[in-house]
Amino acid sequence: IRLNKVGQTIDLNMMDALGVMSSRSYKNVPLLVAPIVSEENRRRVYLPAGTRTDWSTRKRIPGGRWIEVKADVETIPLFIREGGIVPLGPVMNYVDEKPTDRIDLLVSLFDGKGRSCFRVPVNGALVDVDYVSTGKKHTVTIGKTDVEFKVKAMGKGRLVVRAGEMGGSGPA
């Protein structure tokens, strides 16, 4: 799925293979995808409990309720759960088509205390990413890798990034 005009993509099939999208618990799924297939370009979407961030507007929305979503034909509404970690890599025809030298990492900040972990598959290895919030301080720790990670926060708060402080898990 193409997510923005810069050409960054997220491979939802890859995320499903990693068990991210196939979880039966909405609490653990970082993205809620709400495609619109009506001529009215709108639909009702149920946001599970917790805070979600609208991908397009970056607006924080409380969950546990139904909302009305409007979007044009070129936009797929996406909502990132609080604490969600979303890696974005370069456009490729298939996974590992070419070596990746940079990953953009979006982190939807917790409003309070919380922790999220994710393993990013890149260049045949898995890179550990750990996000911890104390409620006031937000810290993302990235495992050892030769790939540049550019971390962007979604939400309010100061984000500290530590790189290369955790061991990787080896081949993907």
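Please refer to the structure placed before this passage.
All of these numbers come straight from a predicted model, not from anything done at the bench.

Calculation rules
Residues numbered from 1 in each chain as written. Predicted model: local features only at pLDDT ≥ 70, side-chain atom pairs only at ≥ 80, totals over all residues. Heavy atoms only, no water. Helix = DSSP H or I, 4+ residues; strand = E, 2+ residues; numbered from the N terminus. Buried < 20%, exposed > 50% of the residue type's maximum accessible area, 1.4 Å probe, protein only. Contact = heavy atoms within 4.5 Å. Polar contact = N/O pair within 3.5 Å; in protein donor to acceptor, adjacent residues only side chain to side chain. Salt bridge = Lys/Arg side-chain N within 4 Å of Asp/Glu carboxyl O. Phe/Tyr/Trp six-rings, centres within 6.5 Å; stacked < 30°, edge-to-face > 60°. Pairing = 2+ DSSP bridges. Axes fitted to C-alpha atoms, helices over the stretch in contact; angles between N-to-C directions.

Caption draft 1: Summary view of the overall build of the chain. Per the secondary structure count, the chain includes one helix and 13 strands. The order of α-helices and β-strands along the chain, N terminus first, is α-β-β-β-β-β-β-β-β-β-β-β-β-β. Burial analysis of the chain (172 residues in total) assigns 41% to the buried set. For the chain, contacts bridging at least 24 residues in sequence account for 50% of all contacts bridging at least 6.

Caption draft 2: The side chain of S116, seen in detail. If you trace the backbone, S116 turns up in strand 9 (residues 113-122). Among the polar contacts listed, one links the side chain of S116 to the backbone oxygen of G83, at a separation of 2.6 Å. Excluding anything up to four places from it in sequence, S116 contacts R81, G83, I85, F110, V129, D130 and Y131.

Caption draft 3: Here's a closer look at unusual backbone geometry. Residues other than glycine seldom take positive phi values, yet R58 does so here, at roughly 65°. Assignment of secondary structure puts R58 in the loop between strand 3 (51-54) and strand 4 (60-62). In this model, N123 sits at a positive phi of 50°, which is unusual for a non-glycine residue. Take N123: it is sitting in the loop between strand 9 and strand 10 (125-134).

Caption draft 4: Up close: the pattern of salt bridges. The full count for this structure, using the stated rule, is five salt bridges. For R42, the salt bridge identified is with E68, shortest N-O distance 3.8 Å. Of the two residues, R42 is situated in strand 2 (residues 42-47) and E68 in strand 5 (residues 65-70); the sequence distance between them amounts to 26 residues. For R42, a relative accessible area of 37% translates into the label partly exposed. The shortest N-O distance in the salt bridge between D130 and R115 comes to 2.8 Å. Of this pair, D130 sits in strand 10 while R115 sits in strand 9; the two residues are 15 residues apart in sequence, bridging distant segments of the chain.

Caption draft 5: How the structure looks around the packing of aromatic side chains. Per the counting criterion, the structure on display carries two aromatic pairs. When the centroid spacing of 5.2 Å and the interplanar angle of 15° are considered together, the rings of F110 and Y131 count as stacked. Highlighted residues: F110 in the loop between strand 8 (102-108) and strand 9 and Y131 in strand 10, separated in sequence by 21 residues. The exposure class assigned to F110 is buried, which follows from its relative accessible area of 11%. Classification of Y131 as buried rests on a relative accessible area of 0%.

Caption draft 6: Representation of the sheet that holds strand 1 (residues 31-33) within the structure. The sheet built from four strands is open, its strands ordered 1-6-3-4 with antiparallel pairing. Every other strand in the sheet has two partners, leaving strand 1 and strand 4 as the edge strands with one partner each. Each neighbouring strand pair of the sheet contributes to a mean axis angle of 30°, computed without reference to strand direction. Here strand 3 runs beside strand 6 (residues 78-81); their pairing, made up of three bridges, is antiparallel. Bridging across to strand 6, T53 finds its partner in I80.

Caption draft 7: Here's a closer look at the sheet that holds strand 7 (residues 85-88). Strand order in this open sheet of three strands is 7-8-12, and the pairing throughout is mixed. The two strands at the open ends of the sheet, each matched to only one other strand, are strand 7 and strand 12 (148-154). This sheet shows a mean twist of 20° between the axes of neighbouring strands, independent of strand direction. Examined bridge by bridge, strand 7 and strand 8 share four bridges and lie antiparallel to one another.

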